[in-house]
Amino acid sequence: MKNQTNKIDLIQSVLKHKDILNTSSQQADFVLQPLNYGCFLSACPGSGKTHSVSLKFSYEINNWISKASGIAVLSFTNNAADEIKNRANYYLEEKSVGYPHFVGTIDSWIHAYIFHPFAKEVTGFIGQNNDYTHKLIQEGNHGPWIKNYSYKSVSILDYTFDKNDELLPTNDKVKIDNNAYTINTLLERKLKFAKDGFVTYSDIEYWSYKLLQKRRDILYLIAKRFPFIIIDECQDLSEIQLEIFELLKQAGVSIHLVGDLDQSIYEFRNVFPENVREKVITWGLRELELSTNYRSVQQICDVITKLSKKQQIIGTKSSLNKSCLLWVYEKNEDMHKIRDAFINLLKMRNINIDDATVIARGSSLVNKLKGYEENNNLNKVKNSITYKIASAM
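This one's a predicted model, so the numbers in the text were calculated from it and none came from an experiment.

Chemist: Mind laying out the pattern of salt bridges, listing which residues take part and the relevant values?
Modeler: Using the criterion set out here, one finds 16 salt bridges in the structure. In this structure, the salt-bridge partner of Arg87 is Glu83, at a minimum N-O distance of 2.7 Å. Placement of both Arg87 and Glu83 in helix α4 (residues 78–92) is noted, with a separation of 4 residues, approximately one turn of the helix. Among the ionic contacts, a cluster of salt bridges with common partners joins Lys120, Glu121, Arg215 and Asp217.

Chemist: Can you lay out helix α5 (residues 106–118) for me, pointing to particular residues and giving the numbers?
Modeler: With 13 residues, α5 should reach 18 Å at 1.5 Å per residue; the first-to-last C-alpha distance of 17 Å fits that figure. Of all bends in α5, the biggest is about 40°, found at Ala112.

Chemist: Could you give an account of helix α11 (residues 273–282), naming the residues involved and the relevant values?
Modeler: Every buried residue belonging to α11 is among Pro273, Val276, Lys279 and Val280, and all of these are buried. The buried residues of α11 occupy one face: seen down the axis, they fall within an arc of 110°. In α11, the exposed residues that point more than 90 degrees away from the buried face are Glu274, Ile281 and Thr282. Packing partners of the buried residues in α11 comprise β1 (39–43), α10 (239–250), β9 (254–259) and β10 (286–290). Immediately beyond the C-terminal end of α11, within one or two residues, lies Gly284, with a positive phi of roughly 65°.

Chemist: Give a detailed account of the nonpolar core, specifying residues and quantitative values.
Modeler: Counting 58 residues, the largest nonpolar core has Trp109, Phe245, Leu248 and Leu257 as the members making the most contacts within it. When near neighbours in sequence (up to four residues on either side) are disregarded, Phe245 contacts Leu74, Ile106, Trp109, Ile229, Ile231, Leu237, Ile255 and Trp283. Among the nonpolar cores identified, the runner-up in size contains 31 residues, and Cys39, Val73, Ala88 and Ile230 belong to it.

Chemist: Requested: an account of the pairing of strand β8 (residues 228–231), with residues and values cited.
Modeler: Neither face of β8 is left uncovered, since the one carrying Phe228 and Ile230 and the one carrying Ile229 and Ile231 both have all their residues buried. Pairing of strand β2 (residues 71–75) with β8, which is carried by 4 bridges, proceeds in the parallel orientation. Counted as the bridge partner of Leu74 is Ile231 from β8. Sheet analysis places β8 next to β9, joined by 4 bridges and oriented parallel.

Chemist: Summarise the packing of helix α2 (residues 25–32) against helix α3 (residues 49–61); cite the residues concerned and give the values.
Modeler: Put simply, α2 and α3 touch, their axes get as near as 9 Å, and they point 40° apart. Taken together, the axis directions place α2 and α3 in an arrangement best described as oblique. Handedness of the crossing formed by α2 with α3: right-handed. Residues Gln27, Phe30, Val31 and Leu32 of α2 form the contact with α3, whose participating residues are His51, Ser52, Val53, Leu55, Lys56, Tyr59 and Glu60. When the residues that make up the contact of α2 with α3 are grouped by side-chain class, the tally is 6 nonpolar, 3 polar and 2 charged.

Chemist: Could you give me a rundown of the sheet that holds β1, with the residues and numbers involved?
Modeler: Ordered in space as β3-β2-β8-β9-β1-β10, the 6 strands form an open sheet in which the pairing is parallel. With partners counted over all chains shown, the strands left at the sheet margins are β3 (102–105) and β10, one partner each. Here the average twist between neighbouring strands, direction ignored, is 15°. On the sheet, α10 packs against β2, β8 and β9 and is oriented at approximately 150° with respect to β8.

Chemist: Let's hear about the packing of aromatic side chains: which residues, and what values?
Modeler: The full count for this structure, using the stated rule, is 15 aromatic pairs. Judged by centre distance (5.7 Å) and plane angle (85°), the ring pair of Phe102 and Tyr113 falls under edge-to-face. One end of the pair, Phe102, is in strand β3; the other, Tyr113, is in helix α5, with 11 residues separating them in the sequence. What makes Phe102 buried here is its relative accessible area of 15%. Residue Tyr113 is classed as partly exposed on the basis of its relative accessible area, which comes to 26%. On the numbers, 5.2 Å between centres and 70° between planes, the contact of Tyr149 with Phe193 is edge-to-face. Residue Tyr149 is found in the loop between β4 (135–136) and β5 (159–161), and its partner Phe193 is found in helix α7 (residues 180–195); the two are separated by 44 residues along the sequence. Here Tyr149 and Phe193 have matching classes, each one buried. In this structure an aromatic cluster arises from ring pairing among Phe102, Trp109, Tyr113, Phe226 and Phe245. The ring centre of Tyr132 lies 4.9 Å from the NZ or CZ of Lys120, which sits over that ring. A cation over an aromatic ring shows up here: Lys190 above the ring of Tyr159, its NZ or CZ 5.0 Å from the ring centre.

The rules behind the values
Residues numbered from 1 in each chain as written. Predicted model: local features only at pLDDT ≥ 70, side-chain atom pairs only at ≥ 80, totals over all residues. Heavy atoms only, no water. Salt bridge = Lys/Arg side-chain N within 4 Å of Asp/Glu carboxyl O. Helix = DSSP H or I, 4+ residues; strand = E, 2+ residues; numbered from the N terminus. Expected span 1.5 Å × (residues − 1). Bend = angle between axes of the 7 residues up to and from the residue. Buried < 20%, exposed > 50% of the residue type's maximum accessible area, 1.4 Å probe, protein only. Arc of directions from axis to C-beta. Contact = heavy atoms within 4.5 Å. Core = buried A, V, L, I, M, F, W, Y, C linked by side-chain atoms within 4.5 Å. Pairing = 2+ DSSP bridges. Axes fitted to C-alpha atoms, helices over the stretch in contact; angles between N-to-C directions. Parallel < 35°, antiparallel > 145°, perpendicular 65-115°, else oblique. Left-handed = near helix turned anticlockwise from the far one by under 90°. Nonpolar A, V, L, I, M, F, W, Y, C, P; charged D, E, K, R; others polar. Phe/Tyr/Trp six-rings, centres within 6.5 Å; stacked < 30°, edge-to-face > 60°. Lys NZ or Arg CZ within 6 Å of the ring centre and 35° of its normal.

Below, the structure is given as structure tokens:
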């Protein structure tokens, strides 16, 4: 307890905000981790990860001296980045987050500081009227012109390059013939696409990686501009993003990773948490942990611990009178079995339908739970107990 008090006192010597008193010992360890010594903060669900990142960021920049170099705090969504920035401003009170620091998405940071200013150095785009801005082409109907870059059934938007300059489909539905002529044709058309000033989001990451690989002078300029980078939700970093940060690490950037390797949700875009784990080891990052869950009861935490093979997660909420129930079902099994079992459980425990929530991943699974596949009479379905439960999603 004394040790924790000393940590809190140290943080409060920099930040005077009253809410710092609610910081745990594990959270304080991360806040006080030297900025020039990278770490990996493994945060279990509900452990106050955003609080920890925001507090560390505000702690570091409160007495920031440099006017040319700053910290980049990167996440995957604008909402997450905005939450970190707003909380940091809350802790700073009389100051606010601004230049020379950056808080935003990884995509926006890569585009603003690497791709947009320098991309022509690797894509070969000659520009138009001294404007070298590449046009970002997203999925959708772009008219017949896009077919000039596609080949057979493969659209130019369906693939990019990996770090070894090999074709990489951007989704599981893309099928590419594995013969030399097709591969070479697709490679040539993708290169022409970029040379003509067009890119996709995935292309931006590839060309940014090639730029830093080719132009070491630019690499070191960016490393000097942002010598410290904190990456939130690091489990969702793609292979090419990891390689971009690998180059920056080699150029002297201190990187702090924050996340839960068991919560990665982007496997469809070549995201594999084991790659992040490998970087934690090869980068020599100090491993810290947030193992207290502030929103779940112990029974739920016990289930999470067993499923994820983590060290024990501690729940802080009052325990349920009855233990958690875990249903396991086959993918091909009719959803009505799991649905009906849930309805029966509500009745047994006298739980009101309005107090029950069902959460599912994907609209097709939601529709199965709502009963669409069993009954096409939508009005009848909407009056059913099943629909009322599933509509909470």
